[in-house]
Amino acid sequence: MKLDALIGLARSNGASDLHLEPGLPAALRVRGSLRTVGEPVAARDLLEMAKEVIGPEQWPHFLERRSHDLSRTIQGVRCRINVLQSSRGVGFAIRLLASFQATLEKLNLHPDLKRYIAHHNGLIIVSGPTGSGKSSTMAALLQEINVAEARHIVTIESPIEYSFRPRASYIRQREVGRDTPSFEQGLLDALREDPDVLMVGEMREPETMRLTLNASETGHLVLTTTHSSTCVEALQRIVSAFPSETQNAVRAQLADSLVVVICQRLRFRPELKIRLPELEILVPTMPIKSHIRNGDFFKIMSTMETGAEHGMWTFTRYQNWMENRKTWFVPDDTETAETEPAAEPLPAGQLPPPARPPKSPEPATAPRKSATAQPGRPIEIEPVEGGLDELLKKLE
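In what follows, the accompanying structure is described. (Residues numbered from 1 in each chain as written. Predicted model: local features only at pLDDT ≥ 70, side-chain atom pairs only at ≥ 80, totals over all residues. Heavy atoms only, no water.)

## With respect to the environment of Ser16
In this structure, Ser16 sits in the loop between α1 (3-12) and β1 (17-20). With 63 residues separating them along the chain, Ser16 and Cys79 place their C-alpha atoms 9.8 Å apart. The contacts of Ser16, once residues within four sequence positions are left out, are Arg29, Ile94, Arg95, Leu96 and Arg275. Among the polar contacts made by the side chain of Ser16, one reaches the side chain of Asp17 at a distance of 2.9 Å. (Helix = DSSP H or I, 4+ residues; strand = E, 2+ residues; numbered from the N terminus. Contact = heavy atoms within 4.5 Å. Polar contact = N/O pair within 3.5 Å; in protein donor to acceptor, adjacent residues only side chain to side chain.)

Structure representation (structure tokens):
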């Protein structure tokens, strides 16, 4: 079975994620639950899919790192793809993105979020656990700017998930590993590229966080994401990523530059047959800024509970608003994304070479026999032998 057929199967089942592992059936995440479908997928087939989707130019890079991130439009669906090596061979973790152009209305987000992108400088943080729709919310905020204002937008992503068609705004999208070697270099470059709005796909390293905070203080509106389950946790994670001797300065930067922190999670609504985002919104009022500067994060929640007049939302209050809302956008197959085709990778001669020659990994393993799995049953992992290197030798 080909990769496009598997993605078509995932789309027809309404899945948000597709997982492929040698010797196991395809696993689909539908409405937050994981289930397996079909027959086990052979390691040889997955290896061929990986070589095809990664391409010969980037294949040595995959052999070195044993993982590779990319995005593609397959079967009319924009997909974020992670190719990885596991103990069984080469596998895939694929996120199926929205087939329509993300906007606040189409994502069923609160319309008041538009007020925060009206700022011309500062930091907007979108947080939440994995799979909570952070990337879609970021894309919706950028699209609201794109259709309304003439601003220069620069995005630094790994990989590019939503491709934008410039409308009122002028948009440049850069992919880490293809267009820039790292988030850090992309941020340094962006400050010399006259951006009005800067989007950083994810803050992972302290240096990325430092440069992102600096950019938000120098006259740019910066949007970024981080993994957390609450707004307070998002701020704590940023501060705690720095050495203790610099945390006072980081807290001061956050307090001065923060525009809003949005934390979201998804909840399935059976009557609509879709998952809807539930939000927690933290607005930096003077008391909130004081708590951040002093490191009194435990006091922020009580201030949020009494800050409705300033536009703050707790999850409980937001759920009540959702219960009273009567109209929702429900996507269907006729919705299409207003995007540009994804840019093709550069020719091999223009790509940066790997930092060092590929290393031979420790011998991994391949399945002795095909595992079987059925919907609703646990996925069992067999002891394995051989691995990716052994499989590559057999194909030569």
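Continuing now.
## Some details on empty space enclosed by the protein
Counted by the stated rule, this structure contains one cavity of 30 Å³ or more. Lining the largest cavity, in full, are Asp112, Leu113, Arg115, Tyr116, Ile281, Gly311 and Trp313. In the lining of the largest cavity, the residues fall into four nonpolar, one polar and two charged. (1 Å grid on protein atoms, 1.4 Å probe; cavity = no way out; pocket = protein on both sides within 12 Å on 5 of 7 lines; lining within 4 Å. Points joined across faces, edges and corners; volume = space filled by probe spheres on them. Nonpolar A, V, L, I, M, F, W, Y, C, P; charged D, E, K, R; others polar.)

## Let's talk about the packing of aromatic side chains
Applying the stated rule across the entire model yields five aromatic pairs. Connected via pairs of aromatic rings, a cluster forms that spans Trp313, Tyr318, Trp321 and Trp328. Above the plane of the ring of Phe315 lies Arg265, whose end atom (NZ or CZ) is 3.9 Å from the centre. Looking at Arg325, its charged tip hangs above the ring of Trp328, at a distance of 4.5 Å from the centre. (Phe/Tyr/Trp six-rings, centres within 6.5 Å; stacked < 30°, edge-to-face > 60°. Lys NZ or Arg CZ within 6 Å of the ring centre and 35° of its normal.)

## Focus on the nonpolar core
Core analysis: the biggest nonpolar cluster contains 73 residues, and Ile124 and Leu235 have the highest contact counts within it. In contact with Leu235, not counting residues within four places along its chain, are Ile125, Leu254, Leu258, Val261, Leu282, Ile292, Phe297 and Ile300. By size, the runner-up hydrophobic cluster in this structure holds 31 residues, among which are Ile7, Ala50, Leu63 and Val90. (Core = buried A, V, L, I, M, F, W, Y, C linked by side-chain atoms within 4.5 Å. Buried < 20%, exposed > 50% of the residue type's maximum accessible area, 1.4 Å probe, protein only.)

## Quick word on unusual backbone geometry
The bulk of non-glycine residues show a negative phi, and the bulk of peptide bonds are trans. In this model, Ser158 is joined to Pro159 through a cis peptide bond whose omega is -5°. Positive phi is not limited to glycine here, since Gln75 has a value of about 55°. As for its placement among the helices and strands, Gln75 is situated in the loop between β4 (67-74) and β5 (77-86). What makes Gln75 partly exposed here is its relative accessible area of 44%. Phi at Asn108 is positive, roughly 60°, even though this residue is not glycine. Note that Asn108 resides in the loop between β6 (89-96) and β7 (122-128).

## A few points about a negative patch on the surface
Taken together, the side chains of Asp4, Asp45, Glu48 and Glu52 present a region of like negative charge at the surface. A total of three residues in the negative patch trace back to one element, the largest contributor, which is helix α2 (residues 43-54). (Patch = residues over 30% accessible without salt bridge, like charges linked within 9 Å, V, L, I, M, F, W, Y side chains within 5 Å. Areas by Shrake-Rupley, 256 points an atom, 1.4 Å probe, with all protein chains shown as cover. Salt bridge = Lys/Arg side-chain N within 4 Å of Asp/Glu carboxyl O. Lys, Arg positive; Asp, Glu negative; His and termini not counted. Charge placed at Lys NZ, Arg CZ, Asp CG, Glu CD.)

## A short note on the pattern of salt bridges
Within this structure, the stated rule accounts for 16 salt bridges. Between Arg174 and Asp189 there is a salt bridge, and its shortest N-O distance comes to 3.2 Å. Separated by 15 residues along the polypeptide, Arg174 in strand β9 (residues 170-175) and Asp189 in helix α5 (residues 183-190) bring together distant segments of the chain. As far as the burial class goes, Arg174 and Asp189 line up, both buried. The salt bridge partner of Glu278 is Arg267, with a shortest N-O separation of 3.2 Å. In this pair, Glu278 sits in strand β13 (residues 274-282) while Arg267 sits in strand β12 (residues 258-269), placing the two residues eleven residues apart along the sequence.

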